[in-house]
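Working through the structure, step by step
Each chain is listed here by its residues.
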Amino acid sequence: MAGSYRMCVCFTRKFKVTEAGPPPDVNEAFFKYTDGGTHMSAEQLRRFLMEVQGDGGVSIADAEKIVDQVLQKLHHIAKFTRRTLTLDDFHHFLFSADLNPPVGDQVHQDMTKPLSHYFIYTGHNSYLTGNQLSSDCSDVPIIKALKRGVRVIELDIWPNSTKDNVDVLHGRTLTAPVELIRCLKSIKEYAFSSSPYPVIITLEDHLTPDLQVKVAQMINETFGDMLYSPECECLEEFPSPEELKYRIIISTKPPKEYLKAESGKDKGIKSRKDKDSDDDTWGKEPLDLVSDQEDGDVSDTFTSEDSDGESQQPEVSAYKRLIAIHAGKPKGGLKEALKVDPNKVRRLSLSEQALEKASENHGTDVIRFTQKNVLRVYPKGTRFNSSNYKPLIGWTHGAQMVAFNMQGYGRYLWLMNGMFRSNGGCGFVKKPDFLMKGGPHGEVFNPKTKFPVKKSLKVKVYMGDGWHLDFKPTHFDSYSPPDFYTRVGIAGVPGDAIMKKTKIKEDNWTPVWDEEFIFQLTVPELALLRVEVHEYDMSEKDDFAGQTCLPVSELRPGIRAVPLFDRKGEKLNSSRLLMRFEFVQD
């Protein structure tokens, strides 16, 4: 009996979580702003927030509110007896992801420019619950995407089995269908649950003219006044997100004679070998900008899932009137497709490989096109397991709709989620001015140019906490506490992309690293800060312990609590890092 008791003590001792105290920088800041005292007043906190955290507009009332929130959370009753913070209270405030987050939650960008001026959070095959070949179609992933802030929902619409109604499914695959009306009703209900800005529905249309008429009726009856229908058939310029608040926008090719031919997007999908795999469970390293070519998929000539062709049936004019953003592939090759029409705007769609080829051979034409028109990029057909591709190729060329499999996971999706933490998470991020403006001689931004360093970002990784609350004691290691390390780096233009890592802290649930890294940025406007925590495993592959990705342009300077997310992008309840961000102009 005594022996088993000793074993039990030994076991609990090994898994005991020791609280890590405030790091030296936090101690120093506290004693500096309290003049060496033991309590920090609201006024002293306000000075710290202005001078260290860069929160210029903070009032004494704001500081008092923070003090109250911290005391209420930590001490419940103490708020009635004192209105000051101890060192531990101050540390708790800094380490609170709710009270001291790394990026703001307010829309702050100019939302009055045409839609073509914004990157837009875009889903691909938004109705799929899993892989591209055999998963179910459902409105559940659509609802989830809308709640996350996605603003472009893609629906593939096909005649149902009896040809008298419309289903949503991934054509020529084994995916089980869902009725279109169900998807439309869910979009209506959840469209503005996370953002007031417009939701664009891109329709991949495989319907007969009579079913197109039925779809027009369904859309009109479901959305009513929410639907944005332009007065003229072709817009000269897109309206702005501000003008389109709480509106639903339809984007598809104009109706044409029903052709039972396979579209370029689906061609040969069954004959391709599935070479879609990730290096590991959280996806490949997205350091280089050009995508991987090893899959042997050579269908990267200019193709679009859209094609022009006017309908001869007058009854489909109701369907045609619904279309606010016209999609289509003009006759001729890629160069022709990228020509800008001064009198009308449109949407062009390219596969990820077609965009790569276009960026290699016609990079500045692509950027010129996206200054006025909308470019949508979609994953190649061999991504059967719903993996994704490098979004930065699209963003650096001004592509507004970089369409992603939101039901997938991996590092590329983390970058996508990171980009759209910008601008209060509203789903629209203003493109940098250099992508919208030409030079004095009509020249445009060229991503291949080697730019000088514009600014440096200093990142200090102090410590981490919360894993013992989010994971079982034996999740990382059966016999001892975890050995955590943090990887931190930049995704952006090729010259800025880099990853570094801290030392490994052995046997500690609350690791303290206290390490600083400096990143030199040539195009900070397109840079994302990548943060990953892993648990070192000597005998096997390291365990994943959380990640986040943050837009560099939105980082709030100072000491911040950085919440971590799982590999699917869901926020972990407690796991977080304490970090410091500082910008240095070069």
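This text goes with the structure placed above it.
What counts and how
- Residues numbered from 1 in each chain as written.
- Predicted model: local features only at pLDDT ≥ 70, side-chain atom pairs only at ≥ 80, totals over all residues.
- Heavy atoms only, no water.
- Helix = DSSP H or I, 4+ residues; strand = E, 2+ residues; numbered from the N terminus.
- Buried < 20%, exposed > 50% of the residue type's maximum accessible area, 1.4 Å probe, protein only.
- Polar contact = N/O pair within 3.5 Å; in protein donor to acceptor, adjacent residues only side chain to side chain.
- Contact = heavy atoms within 4.5 Å.
- Pairing = 2+ DSSP bridges.
- Axes fitted to C-alpha atoms, helices over the stretch in contact; angles between N-to-C directions.
- Salt bridge = Lys/Arg side-chain N within 4 Å of Asp/Glu carboxyl O.
- Parallel < 35°, antiparallel > 145°, perpendicular 65-115°, else oblique.
- Nonpolar A, V, L, I, M, F, W, Y, C, P; charged D, E, K, R; others polar.
- Core = buried A, V, L, I, M, F, W, Y, C linked by side-chain atoms within 4.5 Å.

**Points about the side chain of Q132**
Along the chain, Q132 turns up in the loop between β1 (118-120) and α6 (140-148). By relative accessible area, which is 4% here, Q132 ends up buried. Separated by 2.9 Å, the side chains of Q132 and S386 make a polar contact. In this structure Q132 touches H124, N125, H170, T173, T175, R383, F384, S386, N405 and Q407, once residues within four positions along its chain are discounted.

**Section: the sheet that holds strand β8 (residues 347-351)**
One open sheet accounts for three strands, arranged β8-β9-β10; its pairing is parallel. The strands lining the two open edges of the sheet, one partner per strand, are β8 and β10 (401-402). Where helix α11 (residues 352-370) meets the sheet, it contacts β8 and β9 (374-378), and its direction lies at approximately 150 degrees from that of β8.

**Digging into α6**
Listed in full, the buried residues belonging to α6 are P141, I142, I143, A145 and L146. Buried residues belonging to α6 abut β2 (152-159), α7 (180-190) and β5 (199-205). Just downstream of α6 lies G149, where phi reads positive at about 110 degrees.

**Quick notes on the pairing of strand β17 (residues 543-551)**
Most of β17 sits inside the fold, with eight of its nine residues counted as buried. As judged from the seven bridges shared by strand β16 (residues 528-535) and β17, these two strands associate in the antiparallel manner. Within β17, the position partnered with L529 by the bridge is L550.

**Remarks on the pattern of salt bridges**
Under the counting rule described, the total for this entry stands at 22 salt bridges. A salt bridge links D68 to R83, with the nearest nitrogen and oxygen atoms 3.0 Å apart. With D68 in helix α4 (residues 60-75) and R83 in the loop between α4 and α5 (87-94), this residue pair connects regions lying 15 residues apart in the sequence. A relative accessible area of 24% means that D68 is categorised as partly exposed. For K454, the salt bridge identified is with E525, shortest N-O distance 2.5 Å. Remark: E525 occurs in the loop between β15 (512-521) and β16 and K454 occurs in the loop between α14 (433-436) and β12 (455-465); sequence separation between them is 71 residues. Judged by its relative accessible area of 40%, K454 falls in the partly exposed class. Among the residues examined, E525 registers a relative accessible area of 31% and is labelled partly exposed. One network of salt bridges, with partners in common, ties together R411, R487, R530 and E532.

**A closer look at unusual backbone geometry**
For N423, which is not glycine, the phi dihedral falls at a positive 55 degrees. Using a relative accessible area of 0% as the deciding quantity, one classes N423 as buried. Residue D507 is not a glycine yet carries a positive backbone phi of 50 degrees. Relative to the assigned elements, D507 resides in the loop between β14 (498-501) and β15.

**Brief notes about the sheet that holds strand β6 (residues 248-252)**
Here six strands make up an open sheet; going across it, the order is β4-β3-β2-β5-β6-β7 and the pairing mixed. One side of each edge strand has no neighbouring strand; the edge strands of this open sheet are β4 (178-179) and β7 (323-326). In the sheet, β5 pairs with β6 via four bridges, with the strands oriented parallel. For I201, the partnering residue across the bridge sits in β6 and is I250.

**As for the packing of α4 against α5**
Two elements in contact, α4 and α5, have axes separated by 10 Å at closest approach and are oriented at 105 degrees. One way to sum up the angle between α4 and α5 is to call them roughly perpendicular. Here α4 contributes I66, V70, L71, K73, L74 and H75 to the contact with α5, which in turn contributes D89, H92 and F93. Here the residues of the contact of α4 with α5 are counted per class, giving five nonpolar, two polar and two charged.

**A closer look at α5**
Within α5, six of the eight residues are buried, leaving the element largely enclosed by the surrounding structure. The inward-facing, buried residues of α5 contact α2 (24-33), α3 (42-51), α4, β12, β18 (558-565) and β19 (571-585).

**Digging into the nonpolar core**
Of all hydrophobic cores here, the largest spans 76 residues; its most connected members are L155, I157, I187, I201 and I248. Apart from the residues lying within four places of it in its own chain, the contact partners of I201 are I153, L155, L184, I187, F223, I248, I249, I250 and S251.

**Digging into the pairing of β15**
Going residue by residue along β15, you find W513, E515, F517, F519 and L521 tucked away on one face and V512, D514, E516, I518 and Q520 left uncovered on the opposite face. Here β12 runs beside β15; their pairing, made up of eight bridges, is antiparallel. Paired with V459 across the two strands is F517, which belongs to β15.

**Thoughts on the environment of N220**
Tracing the backbone through its elements, the reader meets N220 in helix α8 (residues 209-223). Residue N220 is classed as partly exposed on the basis of its relative accessible area, which comes to 37%. Separated by 98 residues in sequence, N220 and A318 have C-alpha atoms that sit 9.6 Å apart. Among residues more than four places away in sequence, those in contact with N220 are L227 and L322.

Geometric descriptors of this kind do not, in isolation, establish any biological role.
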